[in-house]
Amino acid sequence: MAIDRLLSLGFERVQAPEFALESLQVDRDTLLVTMSRPAMGTLVAISALDRSAARLEDAMNRAFAEMDRLIAIFSRFEADSALAALNDTGQLVAPPPELAFVVSRALRYHALTAGSFDVSVAPLVDLFGVGTAPGDADIAAALALVGAQHVTASPRAIRLDRQGMALTLDGIAKGYIVDRMAHVLAASGVRDSLVNAGGDIRASGTREHGRPWTVGVWDPDAPGEFPDVVTLSNAAVATSGKYVRGDHLVDGRTGRSPSHHVSVSILAPTAIAADALATAVFVLDAPRGLALVESLAHCDCLILDANGRQFRSSGWRKEP
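What counts and how
- Sequence positions are assigned chain by chain, starting from 1 and proceeding in written order.
- Local features in this predicted model are restricted to residues whose pLDDT is 70 or higher, and side-chain atom pairs enter the listing and the counts only when it is 80 or higher, whereas totals over whole chains, interfaces and linings include all residues.
- For the side-chain quantities, the full set of heavy atoms in the structure was used; hydrogens and water were omitted.
- Strand pairing is assigned whenever DSSP identifies at least 2 bridges connecting the two strands.
- Here a helix means four or more residues in a row that DSSP labels H or I, a strand means two or more in a row labelled E, and each is numbered from the N terminus.
- Helix axes use the C-alpha atoms of the stretch in contact, all axes being lines fitted to C-alpha atoms, and the angles between their N-to-C directions lie in the range 0 to 180 degrees.
- The contact definition used throughout considers only heavy atoms, calling two residues in contact when any of these lie within 4.5 Å.
- Here the term buried applies to any residue with accessible area under 20% of the maximum for its type, exposed to any over 50%, and partly exposed to those in between, with areas from a 1.4 Å probe on protein chains only.

Help me understand the sheet that holds strand E12 (residues 261-268) in this model?
Two modes of strand pairing occur in sheets, parallel and antiparallel, and in both the strands are linked by backbone hydrogen bonds. Strand order in the open sheet made by the 9 strands is E1-E2-E3-E7-E8-E11-E12-E13-E14, with antiparallel pairing throughout. Lying at the two open borders of the sheet, with one neighbouring strand each, are strand E1 (20-27) and strand E14 (310-312). Recorded for the sheet is a direction-independent mean angle of 10 degrees between the axes of neighbouring strands. The pairing of strand E7 (residues 192-197) with strand E8 (residues 200-204) spans 5 bridges and is antiparallel. Across the sheet, Asn196 pairs through a bridge with Ile201, a residue of E8. Set on the sheet, helix H1 (residues 53-74) makes contact with E1, strand E2 (30-39) and strand E3 (42-50); between it and E2 the angle comes to about 25 degrees. Where helix H7 (residues 271-282) meets the sheet, it contacts E8, strand E11 (235-241), E12 and strand E13 (300-305), and its direction lies at approximately 150 degrees from that of E12.

What follows is the structure in structure tokens.
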């Protein structure tokens, strides 16, 4: 299953869900069921194993319902979302606990990565998303509104301290949603599952015959080729890269879209961690990105740089 992250400028709910369902009898007692649906600018798929098709379908429907509920909170382009309300007014009292958690976690990653992960880059993301290269003056004006150090978050309130600031959670909320979907599956009695939201992937348990889940890392400059394959069990992987367009990946410290790499993949215990770290490492050069990942327990990375070179952290092992 390729890490084929389809890039977009924000979450978007699908008004008419188009579910696809496939079922395979892998042995006398076990079914492998895959349910997929377009959402969040990509294809979200769940693969899971169990004895009962009814239990699998019910669990997957619950997981997709959780996805829809969270998208309605995190989408900054839907006027009735909590994030849109925060961006419109600059503060949100008694925010949904999920939003308070994700923003608080984003601020922790901002500190952890010395600012390379910054959810306040929304003005820059929008500037690069208009289709024409922005000028220096426009970048400087947008950059004046960026800085996660000017954001405060608690269960009681979230505040943006500069007028005109706005948050985008594209680099972290998808991972959180994937984690929540995996949690719903487990709470519904499904032990073995893989949730893939366009490259933000969370694996629980194993696939058929006790084998780990297998994920191929796709090279955006060589479609159909896989420079590496990883196996996952109770872990996550996420990729940031210029698969379709890269301008949504903006360095909040410089105001520029980074050009060091074409792809960064992160292995981590959770999808929210993998998602945030993949975004952070993408804006760093390879030595600093590797140093960041090496400093973190249970995390590893694979970097494909713009010159075709590959950089692996010490714990990343290429599969034979």
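Now that the structure has been shown, we can carry on.
Looking at this structure, how should I read helix H2 (residues 82-89)?
Think of an α-helix as 3.6 residues a turn; residues three or four steps apart then line up on the same face. Inspection of H2 places Ala82, Leu83, Ala84, Leu86 and Asn87 among the buried residues, and these make up the whole buried set. Following H2 by one or two positions, Gly90 adopts a phi angle in the positive range, close to 85 degrees.

It is not clear to me how unusual backbone geometry should be interpreted in this structure. Could you clarify?
Peptide bonds are, in most cases, trans, and in most cases residues other than glycine have a negative phi. In this structure, Met40 takes a positive phi of about 55 degrees despite not being glycine. Here the phi dihedral of His298 falls at roughly 65 degrees; this positive angle occurs in a residue that is not glycine. Among the residues examined, His298 registers a relative accessible area of 69% and is labelled exposed.

Would you take a moment to explain the sheet that holds strand E4 (residues 91-93) for this structure?
Read across the sheet, 3 strands follow the order E4-E6-E5 without closing on themselves; strand pairing throughout is antiparallel. On the outer flanks of this sheet lie E4 and strand E5 (151-153), each paired with one strand and no other. The average undirected angle you get between the axes of adjacent strands in this sheet is 5 degrees. By the bridge criterion, 3 bridges tie E4 to strand E6 (residues 157-160) in an arrangement that is antiparallel. Looking at the pairing, Leu92 lines up with Ile158 of E6.

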